[in-house]
Amino acid sequence: ERPLSPGSLSLPGARQYGAGMHFSGTSILVTGAGSGIGLATARHLAEHGAGRLILVDRNTQALESIDLPCEVVRATGDVADPDFWTGLKLGELDH
């Protein structure tokens, strides 16, 4: 078998999410944004042009400590809880 390489994916839309993609002006929801992969994702998106990030995590302190170069909306809650989403005003989302 051949090892996978970034250009070898044949999934629909796979090319649009390549490493060089810029998220200029987009509005994106990131869960688990308080730490780890979620925080790294939020930083990457902000550095690549995201206009607005909606950061979701269960840890309020972690969310409040995040400083990014774009508009940030912070929401504390458990994404598995349907009641969390009921009163949340997200506005328009691109991703």
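Just above, that's the structure.
Here's a quick rundown of the structure. What you are looking at is a predicted structure, and each value in this text was computed from that prediction instead of being measured. Sequence order as written defines residue numbering, which begins from 1 separately in each chain. Residues qualify for local features only when their pLDDT is at least 70, as the model is predicted, and side-chain atom pairs are given and counted only at 80 or more; totals for whole chains, interfaces and linings, by contrast, use all residues. Note: side-chain values were computed over all heavy atoms of the structure, leaving out hydrogens and water.

### A look at the sheet that holds strand β3 (residues 71-76)
- Strand order in the open sheet formed by 3 strands is β1-β2-β3, with parallel pairing between adjacent strands. Only two strands of the sheet have a single partner each, and these edge strands are β1 (27-31) and β3. When the angles between neighbouring strand axes are averaged without regard to direction, this sheet yields 20°.
- When DSSP finds two or more bridges between two strands, those strands count as paired. Note on conventions: DSSP H or I runs of at least 4 residues are helices, E runs of at least 2 residues are strands, and numbering of each starts at the N terminus. Pairing between strand β2 (residues 52-57) and β3: 6 bridges, direction parallel. The partner of Val 56 across the bridge, within β3, is Ala 75.
- Contacts are assigned to residue pairs that have any heavy atoms within 4.5 Å of one another. Here the axes come from fitting lines to C-alpha atoms, over the contacting stretch only for helices, and the angles between their N-to-C directions go from 0 to 180 degrees. Those strands touched by helix α1 (residues 36-47) are β1 and β2, and its axis lies near 165° from that of β1.

### Quick notes on the pairing of β1
- As paired strands, β1 and β2 are joined by 5 bridges and run parallel to one another. Across the sheet, residue Thr 31 finds its bridge partner in β2, namely Val 56.

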